[in-house]
Amino acid sequence: MERGPGLEDATRGRVLFGGDYNPEQWPEDVWPEDVRLMREAGVSLVTVGVFSWARIEPRPGVFDFGWLDTVLGLLDDAGIGVCLATPTASPPPWLGARHPETLPRDRAGNTVWYGSRNQFCASSPVYREHALAVTEAVAARYAGHPALRLWHVGNEYGTHCWCEETARHFRHWLRERHGTLDALNEAWGTAFWSQGYGDWEELIPPRQAQYMISPGQALDFRRFTSDALLECFEAERDVLRRHAPGVPVTTNFMPLFPGVDGWRWAEREDVVSADIYPDPADPHAGAYNALAQDLTRSQAGGPWALLEQAAGAVNWRGVNRPKPEGLTRLWSLQAVARGADAVCFFQWRQSRQGSEKFHSAMLPHAGEHSRTFRQVRELGADLARIGAAVAGAGVPAGAAVLHDWDSWWAGLGEGRPSALLDRETLLRAWHQALWEANVTTDFARPESDLSGYHLVAVPHLSLLTDAALDNLTSYVREGGTLVCGFFTGVTDEDDRVRPGGVDPRLRELLGVGTVHDWWPLAEGETVTAESALPGLSDFTGTLWSEDLDLTTAEPAARLTGGELDGRPALTRNAYGFGTAWYVTTLPEPRALRALLARAADEAGVRPPLTRLPPGVEAVRRGGLLFLLNHGPAPAGVRLPAPHTDLLTGREYETGIHLERHGAAVLRPAAAHHRPPTSKGESP
């Protein structure tokens, strides 16, 4: 089977560097100056056209490409590649004014008007017709342009709509999914509250109602919305592929966003890309970055593109902090360490007008002599130094964290045991614990082949399919190590509670008998656990606890005091050739880190380096070792053998000093060089 285009067709053996470029916001005499400064900064790729529909098509069917011809010509002459976007994320006012049926409606039936962006109903045939027309025009004109490296469809998909056109589309989707009304009524449990459907036309999106809506209806509507948006993406993608079959296609994900199923979407892209905006004021931002990067790399199955990040402050938080000296470089190199072959920003030149005029840019209001632009130039030079050595290389991981959008969507429903049980909170806590232990992790779906991982962590997946449960059981039976968080395996794919409250297969795997009660904790409430494991001290837990009996599992920690005194907080069960741990609370960070590090070590997963100072991250990519200092102060790192830092050319024998926000990209000295191991990561 012939290989389709991929990121390597755009990178051409280097790490791409650049950002969104919006020349339509500026007079034409600014464009040559932009290109001059881009070359000075080492920019190799810019995204053009994301929000330019009104400029490209100022009136229905009237296209103006002269300005874009000029821009692409200037960029090509300078050797700068273009990621050319379809402008369909932000329809022009004339579309909403002439065709109000293209505008989305909220849950209460109110029109969501034009005047911002993303004002479209994904189910509207009229919107789709106009979106495909402008896509066709752009593709026909620029498919053969020498500057074209990558197609970019839309932008940050996630719009919802509850209008009548959406209702018709939803009914069609439900027919395809369930086949019959009897099957739908069974899946949704409509016997509850007398909500049985006798005609397809009675079905509507989960609009504003008197009280709680059906969880099954809400879950299916989230699935449908993701698929409806995916139809829009695929339609535009197919137009682009028809005109330029050798040019890869992407759209930018927001990694921790419940709006679209990232796994399902990634399978439909040539290049997986993401927009990542950690908060400089967040002391755990480095861990958040790593999570988003690991998730995107896992969706891509290899190298990926960082299409947006901020060069300084954003404009949409309550308080928008700029980045201290060196932080942009650190986080950009962290992305490369974790698989990014493109490092880009929003945006190139900071806007003087509009809603994002206070959002930072590579070239800020302060101009080319600013601290920000100096750091941008330095980053461009760094990426040029390491690009040929790192582009296309993989990131070995011996552990995987399971993540699934269906389970996430189910957990967003009303009427759950605790409104504090937040999927993102748990995902971040568990991944951060592994990150602080310097265990490089992939993400995986619960149904995926897990045989290549020595350790699999499940922070929380209330909804698990039969296939997923069988997969986890087989994984442990055949020798894998599973660490499972609370309230997992509780419902099936229709969000129907499993027999006994937790699926019997999972209870057998975990060595758990009757789950008498889930015992969620109030905000600020804690439980205390007494450890029975050497090396794991007593700890406190938050968010959750459970009253359950054990069958074959041994209690590794028990709750002390309170209503659940003596009940298990942490269990361990031998199953087949493997081991399954169960955690009934959210341990405090040091305890969760110790637990996961212990499980990883027993499973044979080793960090790239041991005895690292707090805050220093070590990641292997290909034959290189990245050292990244996220700590508040300089740090020294011991090296097991001589290395050369590709960023500076300096050689280090036994150790290296990292400044605050410092980084090194180390290649072993020739006499000591050997390929990295695959899954275990041991040097």
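In the block above lies the structure referred to throughout.
Colleague: Before we move on, can you summarise the pattern of salt bridges with the specific residues and values?
Modeller: Any two side chains of opposite charge can pair, given that their charged atoms come close. Enumeration according to the criterion identifies 50 salt bridges in this entry. Among the salt bridges present, the one from Glu 165 reaches Arg 168, with a minimum N-O distance of 2.8 Å. One end of the pair is Glu 165 and the other is Arg 168, both in helix H7 (residues 164-178) and three residues apart, which spans about a single turn. One salt bridge in this structure joins Arg 498 and Asp 503, with 3.5 Å as the shortest N-O distance. Among the charged side chains, a network of salt bridges with common partners joins Glu 234, Arg 237, Asp 238, Glu 267, Arg 268 and Arg 445.

Colleague: Please set out the sheet that holds strand S12 (residues 455-458) residue by residue, giving values where relevant.
Modeller: One open sheet accounts for ten strands, arranged S11-S10-S12-S13-S20-S19-S18-S15-S16-S21; its pairing is mixed. The open sheet is flanked by strand S11 (441-444) and strand S21 (586-587), the only strands paired with a single partner. Pairing between strand S13 (residues 481-485) and strand S20 (residues 578-583): five bridges, direction parallel. Opposite Cys 484, over in S20, you have Tyr 582 as the bridge partner. Of the strands in this sheet, S12, S13, strand S16 (539-542), strand S19 (568-575), S20 and S21 are in contact with helix H18 (residues 589-603), which crosses S20 at around 175 degrees.

Colleague: Could you give me a rundown of unusual backbone geometry, with the residues and numbers involved?
Modeller: Here the amide bond leading from Phe 346 into Gln 347 is cis, since omega sits at -5 degrees, within 30 degrees of zero. For Gln 347, the position within the fold is in the loop between strand S9 (340-345) and helix H13 (371-390). In the Ramachandran plot, Asp 495 falls in the positive-phi region, its phi being about 65 degrees despite a non-glycine side chain. Take Asp 495: it is sitting in the loop between S13 and helix H17 (504-510). Overall, the relative accessible area of 13% leaves Asp 495 in the buried class.

Colleague: Lay out a nonpolar patch on the surface with the relevant residues and their values.
Modeller: A cluster of nonpolar side chains, Phe 192, Trp 193, Tyr 211 and Met 212, forms an exposed patch at the surface whose accessible area comes to about 480 Å². On the secondary structure map, Met 212 appears in the loop between helix H8 (181-188) and helix H9 (215-243).

Colleague: Account for the side chain of Asn 185, with residues named and values stated.
Modeller: Counting through the fold element by element, Asn 185 comes out in helix H8. Residue classification places Asn 185 among the buried residues on the basis of a relative accessible area of 15%. Within the structure, the side chain of Asn 185 is placed 2.8 Å from the side chain of Thr 190, a separation counted as a polar contact. Those residues within four positions of Asn 185 in sequence are excluded, and the remaining contacts are Thr 190, Gln 195, Gly 196 and Tyr 197.

Colleague: How would you sum up the nonpolar core? Please name residues and give values.
Modeller: Leu 75, Trp 151 and Ile 386 are the most contacted members of the largest nonpolar core, which has 184 residues in total. With ten residues, H9 is the largest single contributor of residues to this core. Leaving out residues up to four positions away in the same chain, Ile 386 has contacts with Leu 333, Val 336, Phe 626, Leu 646, Leu 647 and Val 665. Listed in part, the 14 residues of the second largest apolar core include Leu 609, Val 616, Ala 664 and Leu 666.

Colleague: Any details on helix H11 (residues 285-300)? Residues and values, ideally.
Modeller: An ideal rise of 1.5 Å per residue puts 22 Å on 16 residues; H11 measures up with 22 Å between its terminal C-alpha atoms. Most of H11 sits out of view: 15 of its 16 residues are buried. Looking one or two residues past H11, Gly 301 carries a phi angle of roughly 70 degrees, positive in sign.

Colleague: Explain the packing of helix H2 (residues 31-41) against H13 to me, and be specific about the residues and the numbers.
Modeller: When two helices pack together, you describe them by how their axes are tilted relative to each other and by the distance separating the axes. The interhelical angle for the contact between H2 and H13, taken along N-to-C directions, is 55 degrees, at an axis separation of 8 Å. The orientation of H2 relative to H13 falls into the category oblique. Here H2 contributes Leu 37, Glu 40 and Ala 41 to the contact with H13, which in turn contributes Phe 373, Val 376, Arg 377 and Gly 380. For the contact of H2 with H13, the per-class residue count stands at four nonpolar, one polar and two charged.

Criteria and cut-off values
- Residues numbered from 1 in each chain as written.
- Predicted model: local features only at pLDDT ≥ 70, side-chain atom pairs only at ≥ 80, totals over all residues.
- Heavy atoms only, no water.
- Salt bridge = Lys/Arg side-chain N within 4 Å of Asp/Glu carboxyl O.
- Helix = DSSP H or I, 4+ residues; strand = E, 2+ residues; numbered from the N terminus.
- Pairing = 2+ DSSP bridges.
- Contact = heavy atoms within 4.5 Å.
- Axes fitted to C-alpha atoms, helices over the stretch in contact; angles between N-to-C directions.
- Buried < 20%, exposed > 50% of the residue type's maximum accessible area, 1.4 Å probe, protein only.
- Patch = residues over 30% accessible without salt bridge, like charges linked within 9 Å, V, L, I, M, F, W, Y side chains within 5 Å.
- Areas by Shrake-Rupley, 256 points an atom, 1.4 Å probe, with all protein chains shown as cover.
- Polar contact = N/O pair within 3.5 Å; in protein donor to acceptor, adjacent residues only side chain to side chain.
- Core = buried A, V, L, I, M, F, W, Y, C linked by side-chain atoms within 4.5 Å.
- Expected span 1.5 Å × (residues − 1).
- Parallel < 35°, antiparallel > 145°, perpendicular 65-115°, else oblique.
- Nonpolar A, V, L, I, M, F, W, Y, C, P; charged D, E, K, R; others polar.

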